[in-house]
Amino acid sequence: MQGYIININNVKDEDLIVSILTNNNFYTTYRFYGARHSIINIGYKIDFEIETNMKSSIPRLKDVLQISYPWIMDSSKLYCWQRFLKLFYPHLKDVEEIESFYFDLLNELAHKMIKQNPKRAIIESYVKLCEHEGRLHTEYECLLCEEIILNDISLVRSFLPTHKKCSYSKSFKLSQIQELFEEKSLISFSDDEVEYLWNILLQGL
Ligand SMILES: [Zn+2]
């Protein structure tokens, strides 16, 4: 099967605990150290098998094959991708049933990043994720004072809308945020503004 590596923990010697998001599952697996293993890293898409063992509660990860991205040698794209993928671990680790939405979203994003700026592509995908989870606030009501936002709008963690005067943070035109939330487009945002949103995103999904 195929999946995305979203967390790696070192255990004894060179063994690893590897968490993998697949189409409809979340696997925590154990990889024994061995010289002939392929290199694995957070964010890598892999084809793999798991082997369950009566003696261990964690299945063994085996037959790992890396599925490369066309941009894998572009270190800035890979860096952004890995930072984003890492956020899925705390977000999904306790979810019992994983919908295929997440796997499909990452497949689509990996493809978009061939041509698009990585931070722009990731933020647009993140807005889709918020919408899917029913927490994209398109009524534009301020998180802090609960009044409707009519002009300048600021976003806080999870892209929750606030008045500029309530959160004392950087503001955007309401029309910009509407375009982002409703059309999933960052076209009217400058690179500095994208950088600002990127840093909000890194606080957690
Ligand atoms: Zn307010």
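Details of the structure are given in the entry above.
Residues numbered from 1 in each chain as written. Predicted model: local features only at pLDDT ≥ 70, side-chain atom pairs only at ≥ 80, totals over all residues. Heavy atoms only, no water.

Student: Please set out the pairing of strand E2 (residues 16-22) residue by residue, giving values where relevant.
Tutor: Taken across its 7 residues, E2 has 7 buried, putting it largely inside the fold. In this structure, strand E1 (residues 2-10) lies alongside E2, joined through 7 bridges in antiparallel fashion. By the bridge assignment, Tyr4 is partnered in E2 with Leu21. The turn linking E1 back onto E2 is made up of 5 residues, and Asp13 within it adopts a positive phi angle of 50°. Sheet topology note: the E2/strand E3 (residues 26-31) ladder contains 6 bridges and is antiparallel. In the strand pairing of E3, Val18 is matched with Thr29. Here E2 hands over to E3 after 3 residues, the two strands then running antiparallel side by side. (Buried < 20%, exposed > 50% of the residue type's maximum accessible area, 1.4 Å probe, protein only. Helix = DSSP H or I, 4+ residues; strand = E, 2+ residues; numbered from the N terminus. Pairing = 2+ DSSP bridges.)

Student: Pulling in residues and values, what's your account of helix H7 (residues 191-201)?
Tutor: Listed in full, the buried residues belonging to H7 are Glu193, Val194, Leu197, Trp198, Ile200 and Leu201. The buried residues of H7 occupy one face: seen down the axis, they fall within an arc of 160°. Looking at H7, the residues exposed on the side facing more than 90 degrees away from the buried face are Asp191 and Asp192. At its buried positions, H7 is contacted by helix H1 (75-86), helix H4 (118-132), strand E6 (153-156) and helix H6 (174-183). (Arc of directions from axis to C-beta. Contact = heavy atoms within 4.5 Å.)

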